[in-house]
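What the coordinates show
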Amino acid sequence: QVQLVESGGGLVQTGGSLRLSCAASGRTFRTYTMGWFRQAPGTEREFVAGISSSTGGTKYADFAKGRFTISRDNAKNTVYLQMNRLKPEDTAVYHCAARSGFSILVSNGEYDYWGQGTQVTVSS
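Description of the structure in this document. (Residues numbered from 1 in each chain as written. Predicted model: local features only at pLDDT ≥ 70, side-chain atom pairs only at ≥ 80, totals over all residues. Heavy atoms only, no water.)

1. Comments concerning the pattern of salt bridges
- Per the counting criterion, the structure on display carries four salt bridges.
- Between Arg-38 and Glu-46 there is a salt bridge, and its shortest N-O distance comes to 2.8 Å.
- Judged by its relative accessible area of 6%, Arg-38 falls in the buried class.
- Measuring nitrogen to oxygen at the nearest pair gives 2.7 Å for the salt bridge that ties Asp-90 to Arg-67. Of this pair, Asp-90 sits in the loop between strand S8 (78-83) and strand S9 (92-100) while Arg-67 is found in the loop between strand S6 (58-60) and strand S7 (68-73), placing the two residues 23 residues apart along the sequence. Arg-67 carries the same exposure label as Asp-90, and that label is buried. (Salt bridge = Lys/Arg side-chain N within 4 Å of Asp/Glu carboxyl O. Buried < 20%, exposed > 50% of the residue type's maximum accessible area, 1.4 Å probe, protein only. Helix = DSSP H or I, 4+ residues; strand = E, 2+ residues; numbered from the N terminus.)

2. Observations concerning the environment of Arg-67
- When its relative accessible area of 7% is taken as the criterion, Arg-67 is described as buried.
- For Arg-67 and Arg-85, which are 18 residues apart along the polypeptide, the C-alpha to C-alpha distance reads 6.2 Å.
- Among residues more than four places away in sequence, those in contact with Arg-67 are Gln-82, Met-83, Asn-84, Arg-85, Leu-86, Lys-87 and Asp-90.
- Here Arg-85 takes part through its backbone oxygen, which lies 3.0 Å from a polar atom of the side chain of Arg-67. (Contact = heavy atoms within 4.5 Å. Polar contact = N/O pair within 3.5 Å; in protein donor to acceptor, adjacent residues only side chain to side chain.)

Have a look at this one:
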């Protein structure tokens, strides 16, 4: 019922910033809890950040706390991930995901819809 398209990835130096965007189709975006996940080559996909459909509350992985900020604009059907003070270990493909309901969950299997991803590369 929803399609997700990420953008905003690119190449950045250590300590730099990027802002990722995820544009969603449909008219019920506000009912979905949104999450960002990332996957580096040879690794499992891991949770980065999530934002609730109800309260706007957020949840972050430990590595993202204090550096990354997730936000959403329901009028624009868009969720964002602001990434600051980037490190080489942040290099990965970043995926946007959506699930019905208000709970922010960290497991890949709890999300129903996925974008194709956008590449983030942080140089040393």
